[in-house]
Amino acid sequence: MAWYYGTYSCGHEGRVNIIGPTKDRQWKADRHFGRMCPECYEKWKEEERDRKSLEASEKSKEMELPELAGTEKQVKWAVTLRISAIESMLKMIDRIKDSVMVEYGDGSRERMDKAELAEAVDYGCMAHTDARFWIDRRSEMHETLVIFAREYLKKKRDEEIPADVMEEMLDEDSRLTVAPENPSKAGIVRLSESNSGSLEARYVRDDDFLGFMKEKGFRWNGSAWGKAIDEFTGAIDDRAAEIGNALLANGYTVMFYSDRTRQMAISGCFEEESGRWIKWNAKRQMFAICWDGYNDTLYQAARKLPGAAWRDGCMMVPAEFYRELDDFAETMGFRYSKRARMEEKRKADETNGYRKADVREPDRKKQTDEERLRKVLESSRTIIEDLKDEA
Ligand SMILES: [Zn+2]
């Protein structure tokens, strides 16, 4: 490690700390001082950004793109990003032979030709005037084009709907939409049921919402936050009501997919999702006590069950202690999976079988000590009788 002093290409003097083999150091130092000094480089970069931004905003005016919304710095950068995004999207469209298949979020597909795709880019530019949209997607041009294509197709589909039907649908939407007493979040969270039967939630990009979704076990599937519905989650209506209820309590406006779920959410009449399950571990042939999150009280209580051992994030309990497990489950509010119930019943039947076997085969030949004694006395009496006879 050594300090090298020199003059940068901009004329400013400075020093640099160089490491590595001694023979390479002078070369490294020369290379370093061949550039601008750090301050000048920063200034140059900023000027470059300004220059590009100015160029981009002139192009934007020429293309009649809408103004962007955001902070001054965001807008300045996003204007440049939008122009380069448009340029690369148009290049992508140019490379397409004649048409492409565009897949909707719901799995259905539609064919789009080059002209339509170009129109979709225009439509997308008109629709997305938030500087953040272009900043967040700066390195996802392909995805952005797909988003625009989908939005364009959706608009086209909506236009096919007769005006009076559309009005009715909007009415229905507003009936299914509930705003909290004190709304603190703009826009609407839309809940829906996917074709595969999972619960989906859609909302604008928002960090609080993202945290909320993750906490409630939702996963991003590319077009919405989805929660697969299974034995352990309970019914989809209960899950929709529960998430809707929590969102409303946190200031979000929510659109439900049915009157029933809307009412359930408002009244709070739904079955809460249970994070506590007794499952069957087929590999180990043991019951597994599973719960969400860290809970030392549960851990200590479960640990006391006979033969209990902590494995793979669950407390394993040997099948023969199903009765003790049952007591624990009832006390701590655990539910059994269908499989665990079945195994419990099987084990109980098996155990009842043991007891019957004990009753059926009592050891009758075995003598008690009293019987033994009586026999001895009887035999001695016989002997006495015999002796008498002989006497
Ligand atoms: Zn300088």
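Up top is the structure these notes are about.
What counts, and at which threshold
- Residues numbered from 1 in each chain as written.
- Predicted model: local features only at pLDDT ≥ 70, side-chain atom pairs only at ≥ 80, totals over all residues.
- Heavy atoms only, no water.
- Core = buried A, V, L, I, M, F, W, Y, C linked by side-chain atoms within 4.5 Å.
- Buried < 20%, exposed > 50% of the residue type's maximum accessible area, 1.4 Å probe, protein only.
- Contact = heavy atoms within 4.5 Å.
- Pairing = 2+ DSSP bridges.
- Helix = DSSP H or I, 4+ residues; strand = E, 2+ residues; numbered from the N terminus.
- Salt bridge = Lys/Arg side-chain N within 4 Å of Asp/Glu carboxyl O.
- Phe/Tyr/Trp six-rings, centres within 6.5 Å; stacked < 30°, edge-to-face > 60°.
- Donors = N, O, S within 2.8 Å, 3.2 Å for Na, K, Ca; no water.
- Tetrahedral: all angles 85-135°; square planar, octahedral: opposite > 155°, others 65-115°.
- Axes fitted to C-alpha atoms, helices over the stretch in contact; angles between N-to-C directions.
- Parallel < 35°, antiparallel > 145°, perpendicular 65-115°, else oblique.
- Left-handed = near helix turned anticlockwise from the far one by under 90°.
- Nonpolar A, V, L, I, M, F, W, Y, C, P; charged D, E, K, R; others polar.
- Patch = residues over 30% accessible without salt bridge, like charges linked within 9 Å, V, L, I, M, F, W, Y side chains within 5 Å.
- Areas by Shrake-Rupley, 256 points an atom, 1.4 Å probe, with all protein chains shown as cover.
- Lys, Arg positive; Asp, Glu negative; His and termini not counted.
- Charge placed at Lys NZ, Arg CZ, Asp CG, Glu CD.

1. Overview of the nonpolar core
Stage number 1. Met89, Met112, Val121 and Trp134 are the most contacted members of the largest nonpolar core, which has 31 residues in total.
Stage number 2. Discounting chain neighbours no more than four positions away, the residues touching Met89 are Val121, Trp134, Met141, Thr144, Leu145 and Phe148.
Stage number 3. Core analysis: the next-biggest nonpolar cluster, separate from the first, contains 24 residues, Met213, Trp225, Ala246 and Ala265 among them.

2. As for the sheet that holds strand 10 (residues 253-255)
What links the strands of a sheet is backbone hydrogen bonding, and the strands pair in either a parallel or an antiparallel sense.
Stage number 1. Strand order in the open sheet formed by six strands is 5-10-6-7-9-8, and the pairing between neighbours is mixed. Either end of the sheet is taken by a strand with one partner, and the two such strands are strand 5 (177-178) and strand 8 (219-220).
Stage number 2. Inspection of the sheet shows strand 6 (residues 188-193) paired to strand 10 by three bridges, in the parallel sense. Bridge pairing in strand 10 places Arg190 opposite Met255.

3. Some words on the pattern of salt bridges
Stage number 1. Here the structure, examined in full by the defined rule, presents 31 salt bridges.
Stage number 2. The closest approach of N and O atoms between Lys185 and Asp208, which form a salt bridge, is 2.7 Å. Of this pair, Lys185 sits in the loop between strand 5 and strand 6 while Asp208 sits in helix 8 (residues 207-215), placing them 23 residues apart in sequence.
Stage number 3. Its relative accessible area of 19% is what places Lys185 among the buried residues.
Stage number 4. The exposure class assigned to Asp208 is partly exposed, which follows from its relative accessible area of 48%.

4. Remarks on the packing of aromatic side chains
Stage number 1. As enumerated under the stated definition, the model contains 17 aromatic pairs in all.
Stage number 2. Pairing Phe232 with Trp277 gives two aromatic rings, centres 4.9 Å apart and planes at 85°, and the pair type is edge-to-face. Taken together, the positions of Phe232 in the loop between strand 9 (225-227) and helix 9 (236-249) and Trp277 in strand 11 (residues 277-281) put the pair 45 residues apart, joining distant regions of the chain.
Stage number 3. Owing to a relative accessible area of 24%, Phe232 belongs among the partly exposed residues under this scheme.
Stage number 4. Assessed through its relative accessible area of 8%, Trp277 is described here as buried.

5. Focus on the coordination of the zinc ion
Stage number 1. Note on the zinc ion: its protein donors are Cys10 (SG), His12 (ND1), Cys37 (SG) and Cys40 (SG). The metal-donor distances range over 1.9 to 2.3 Å.
Stage number 2. Considering all four donor atoms around the zinc ion, angles at the metal cover 103 to 118° and the coordination shape is tetrahedral.
Stage number 3. All donors of the zinc ion come from a single chain, and their spacing in sequence reads C-x1-H-x24-C-x2-C. Of this pair, Cys10 sits in the loop between strand 1 (2-7) and strand 2 (13-18) while Cys40 is found in helix 2 (residues 38-62), placing the two residues 30 residues apart along the sequence.
Stage number 4. Overall, the relative accessible area of 29% leaves Cys10 in the partly exposed class.

6. Here we look at the sheet that holds strand 12 (residues 286-290)
Stage number 1. The sheet built from five strands is open, its strands ordered 13-14-12-11-15 with mixed pairing. Every other strand in the sheet has two partners, leaving strand 13 (309-311) and strand 15 (335-336) as the edge strands with one partner each.

7. Regarding the pairing of strand 6
Stage number 1. Relative to strand 7 (residues 199-202), strand 6 runs antiparallel, the two being bridged by four bridges. Bridging across to strand 7, Ser192 finds its partner in Glu200.
Stage number 2. The turn joining strand 6 and strand 7, which pair antiparallel and follow one another in sequence, is formed by five residues; a positive phi near 90° is taken by Gly197.

8. Describing the packing of helix 9 against helix 10 (residues 259-267)
Stage number 1. Two elements in contact, helix 9 and helix 10, have axes whose closest approach is 8 Å; the angle formed by their N-to-C orientations is 50°. Classified by the interaxial angle, the pair formed by helix 9 and helix 10 is oblique. Helix 9 and helix 10 meet at a crossing whose hand is right-handed. Where helix 9 abuts helix 10, its residues Asp237, Asp238, Ala240, Ala241, Gly244 and Asn245 lie against Arg260, Thr261, Met264 and Ala265.
Stage number 2. A class-by-class count of the residues in the contact of helix 9 with helix 10 yields four nonpolar, three polar and three charged.

9. Remarks on a negative patch on the surface
Stage number 1. Residues Asp164, Glu167, Glu168, Asp171 and Glu172 make up a contiguous surface patch of negative charge.
Stage number 2. Here Glu167 lies in helix 7 (residues 163-176).
Stage number 3. A relative accessible area of 56% means that Glu167 is categorised as exposed.

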